[in-house]
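# Observations on chain architecture
One letter stands for each residue in the lines below.
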Amino acid sequence: MIRCTFSDALKIKEDPVTRDIVVIYEHGFRININVQIVETDQNQMGWRINMLGNNEVIKAAKKELFANTVHYLEKRLRKALGRISFEDIILLTQAKAIKSVSRSD
Amino acid sequence: MQLRAIMDSSSNNIKTIMDTDTIYDAAELIFTAGAASVLIINKAKKSVGIITEQEVVQAIKTYKQKILELKTTHIMNIDLLACTPNEEVEEAVRVMSEYKIRNLPIITEGGNLAGFIDINAVARAQLSNIIHKWG
C-alpha cells in the first residue's frame, strides 16, 4: 500500500543547526516568504507555522498565508485544524506524487 | 496473483470532470457512465483530485439540494491510498477491508494513476484462487 497525492507541496528537511525536522510548505503565493512547519511544545497541537523573509512582506501576507497553509493541511488530511498532529503532517510529506493519469476521455 | 493480472478485467477507464463543475454534475457522470470514481481536472487540464461513488452518495445525504451549487472541489480527495500493479491481490483485500475502500487506485512506480480495481474484481480473483487451489 502506498499513500499518494495530487498536491505535493510539502517537503521535509533537517535544520542544519538545531537538527530539528522542518516541513517546508511550497505555497503558491508569488512572494519570497518561506513557510515552515515545526514541532513545538508551546501549544496543544504540538506544531506551529513559521514564516521567514522580509518582515514587511510577512506582515502584509501573514493572514492569507496562514489561512492558505491551514486550508491545505485540512483538505489533505480531511481533519479540522485542532485534530492535526505533527505526525500527520510528516505522513503527508511521505506521499508519492501522482504525476500522470491514464485517461479514457 | 498480482494486481496487474486483474487490472485488464477490471474497470480502469477514468472519467474526468472540471473543478468548476458541481457535485451534481459528478453524480450524473458517475451514475450514467457507471464509473466508480471521477477524476477532477482544472482549466490547465491538471488532475487535482478524485471523487468516488461513496463520497457522492454521502454528499447527497449531507448537502441535499446544495449539491446543485457546491463544486466538486468541496468533497474531492487530494490524497489517496493505493496499490502498485506488482502487489498481490491479498494486499488489495487487506487495504480495501481495513480502510473501507471499494475502488482501489492503482499507481505505477513512476507515479502514473493507471486505473482502479473494484471490489468485485478482487472478489472474483480471490474466488478463482480458491477454486484453483482446491478444485
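The structure this text deals with has already been given above.
What this report covers is the structure whose coordinates are included nearby. (Residues numbered from 1 in each chain as written. Chains lettered and ligands numbered in written order. Predicted model: local features only at pLDDT ≥ 70, side-chain atom pairs only at ≥ 80, totals over all residues.)

### Details of the overall build of chain B
Counting its secondary structure elements, chain B contains five helices and six strands. Written out in order from the N terminus, the α and β elements of chain B read α-β-α-β-β-α-β-α-β-β-α. The C-alpha extent of chain B, read off along each of the three principal axes, is 55 × 30 × 25 Å. Residues counted as buried form 38% of the 135 residues belonging to chain B. (Helix = DSSP H or I, 4+ residues; strand = E, 2+ residues; numbered from the N terminus. Buried ≥ 20, exposed ≤ 12 C-beta atoms within 10 Å, placed from the backbone.)

### Considering the interface of chain B and chain A
When the parts of a complex come together, some accessible area is lost, and that lost area is often used as the size of the interface. Between chain B and chain A, the residue contacts involve 24 residues of the former and 20 residues of the latter. Listing elements by their share of the side of chain B that touches chain A, those giving two or more residues are strand E1 (15–18), strand E3 (47–52), strand E4 (79–82), helix H4 (89–98) and strand E6 (112–118) of chain B. Here the residues of the side of chain B that touches chain A sort into 12 nonpolar, nine polar and three charged. Note that strand E7 (residues 100–101) of chain A and E6(B) share two bridges and pair parallel. Opposite Val101(A), over in E6(B), you have Leu113(B) as the bridge partner. (Contact = placed C-beta atoms within 7 Å. Nonpolar A, V, L, I, M, F, W, Y, C, P; charged D, E, K, R; others polar. Pairing = 2+ DSSP bridges.)

### Considering the packing of H4(B) against helix H5 (residues 119–134) of chain B
Each pair of packed helices gets described by two things: the angle between the helix axes and the distance between those axes. Residues and elements named next belong to chain B. Look at H4 against H5: their axes get within 10 Å of each other, and the N-to-C directions meet at 135 degrees. Taken together, H4 and H5 sit at an angle that is classed as oblique. Here H4 runs over H5; the crossing is left-handed. Judged by residue contacts, Val89, Ala92, Val93 and Met96 of H4 engage Ile119, Val122, Ala125 and Gln126 from H5. Residue composition of the contact of H4 with H5, grouped by class: seven nonpolar, one polar and no charged. (Axes fitted to C-alpha atoms, helices over the stretch in contact; angles between N-to-C directions. Parallel < 35°, antiparallel > 145°, perpendicular 65-115°, else oblique. Left-handed = near helix turned anticlockwise from the far one by under 90°.)

Worth remembering: the numbers are spatial, not functional.
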